[in-house]
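Listed below, chain by chain, are the residues.
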Amino acid sequence: MEGALRVGLAPTSDEPSAAFIRLAESALPGAYRLAGFLLRDSWEAQDATQEALLKAWLGWPRLRDRGSFGPWFDRIVVNVCKNQMRARKGIRPLHLDEQMENEAGTTDPFRSALARDELGRLVGKLSPDQQIVVALRFWRDLSLDEIAARLDLPPGTVKSRLHYAVRALRAELDRQTKEVSR
Amino acid sequence: MRPVDFDEEVERRLRAIGAAAAPPVPGTVTHYLHQLPAAYPAPASHTKVSFRRLSFPKLALSGLVALAIVAGVAAGTLLTQHRQGGGSGSSAAPATTAASPAATSPLTPEPPSSETPGCTNPPMRSAAAAELARGGAVIVWERNGGPDCVDELYAAYPDGRTVSDRGGAPTNGQVTSAKVQAVIGQIAGVGFFTDLFFTTYHAPCSACHQHSVTVTYGSQTKTVGSVEGGTDGPAEYWIVIGYLSDLFGIAS
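The rules behind the values
Residues numbered from 1 in each chain as written. Chains lettered and ligands numbered in written order. Predicted model: local features only at pLDDT ≥ 70, side-chain atom pairs only at ≥ 80, totals over all residues. Helix = DSSP H or I, 4+ residues; strand = E, 2+ residues; numbered from the N terminus. Contact = placed C-beta atoms within 7 Å. Buried ≥ 20, exposed ≤ 12 C-beta atoms within 10 Å, placed from the backbone. Arc of directions from axis to C-beta. Axes fitted to C-alpha atoms, helices over the stretch in contact; angles between N-to-C directions. Parallel < 35°, antiparallel > 145°, perpendicular 65-115°, else oblique. Left-handed = near helix turned anticlockwise from the far one by under 90°. Nonpolar A, V, L, I, M, F, W, Y, C, P; charged D, E, K, R; others polar. Pairing = 2+ DSSP bridges.

Draft legend 1. Region of the structure containing the overall build of chain B. In terms of helices and strands, chain B carries seven helices and six strands. N-terminal to C-terminal, the α/β element order of chain B is α-α-α-α-α-β-β-β-β-α-β-β-α. When contacts within chain B are restricted to residue pairs at least 6 apart in sequence, long-range pairs at least 24 apart make up 59% of them.

Draft legend 2. Geometry of helix H9 (residues 144-151) of chain A. All names here are of chain A. Residues Ile147, Arg150 and Leu151 constitute the buried set of H9. Mapping the buried residues of H9 onto a view down its axis gives an arc of 90°, with all of them on the same face. If you follow the buried residues of H9, they end up packed against helix H4 (69-88), helix H8 (128-139) and helix H10 (155-181). After H9 finishes, the residue Asp152 shows a positive phi value of roughly 55°.

Draft legend 3. Representation of the packing of helix H3 (residues 42-59) of chain A against H4(A) in the model. Residues and elements named next belong to chain A. Where H3 contacts H4, the two axes come as close as 9 Å, and the packing angle between them is 130°. On the basis of the axis angle, H3 is oblique to H4. Considering the relative orientation of H3 and H4, their crossing is right-handed. Contact with H3, carried on its side by Glu44, Ala48, Thr49, Glu51, Ala52, Lys55 and Ala56, involves Phe73, Ile76, Val77, Val80, Cys81 and Gln84 of H4 and no other residues of that element. Here the residues of the contact of H3 with H4 sort into eight nonpolar, two polar and three charged.

Draft legend 4. Structural view of the pairing of strand S3 (residues 161-165) of chain B. All names here are of chain B. Summarising burial for S3: four of the five residues are buried, a large majority. Bridge analysis of strand S2 (residues 150-156) against S3 gives four bridges, and the strand direction is antiparallel. In the strand pairing of S3, Leu153 is matched with Asp165. Counting the residues in the hairpin turn of S2 and S3 gives four residues, including Gly160, whose phi is positive at 100°. Where S3 meets strand S4 (residues 171-174), four bridges bridge the pair, whose relative direction is antiparallel. The partner of Arg161 across the bridge, within S4, is Gln174.

Have a look at this one:
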């Protein structure tokens, strides 16, 4: 019976993979960029994106609305990144080749972008949930409703998290400005 | 001079950081994507049934049809019992449960599940599942809710015996002992007993089943639960569900 079932389904087995690849390819740039900013490292972003791809592929048959692939994939990426952020609990591994990268002028694009502004460093001090809404809002350029859909949260909660995140950043900048002016 | 609004400044600076980095997706990631279907054949998924591919209206319609069937069967059962109650009573016991060992199984005495139209997500029967595991079942799988509003409990024993409770009288089945062992091996093989498998919970949507799987492998017994549609749990959990659907002969 198993055999009959498999034989019966064989002709359509290529179709889902082709559709999956097509949709994933279009979603990859945004997802990789999101992972890069959340994890602040391109190597970790690669790992996270690949893990998200695997999860998405395995969960693909359960995605009923193929039109919502982008938000669905973003949500998987966010969850994978969140797990990694929680796992390292604020400890950012220093790559041994970081100095060599700097000398060669081939710095990590995410690390160098975040290092351009003190705010980039301060964002890393926010809670993972706050970092996620900041990344989705300012680095993924999504509206509050789009963020809410990706995080499966009410828009009000997203707005609140964003508000507190920006307020925390502003407070920290204020504190630093006062220290400098003394 | 108009002072700069600080929130605006923070937001502007954050956007500037984002604009500073838009690296292309590394070739390794794209390559990985193209290798995925070959490297990880789709889980039972593609052998899964069809209602997942239906659009929402069709899904809702199929749910209503299922409810109507369930209601019809329930009404028929009540009518039959009423008629039998008025007779001699000598043939009232259903033949299927008369001498079945499953009649004394912990599957039966559980509280009634959903009685209301529309799925009200019947409570998980964790006590019954634990009792089955203690009673020697090496695989216990509970599935409830979903568009068909099921309340199902399955168990498999090392000798190949299976018990299925799909809301009515539990039924016994038999597969080979080797089949049960093979499925347990497959489940362990995808990491069920590692830290990668952990329970996640979401309020189930009307079209999502809740699952709880308990597996005994050697000296280890572990229970992991999940809800369909959740993306924060282990993706391999659904491979396990595929193995179990195959073992118990259901279309999950």
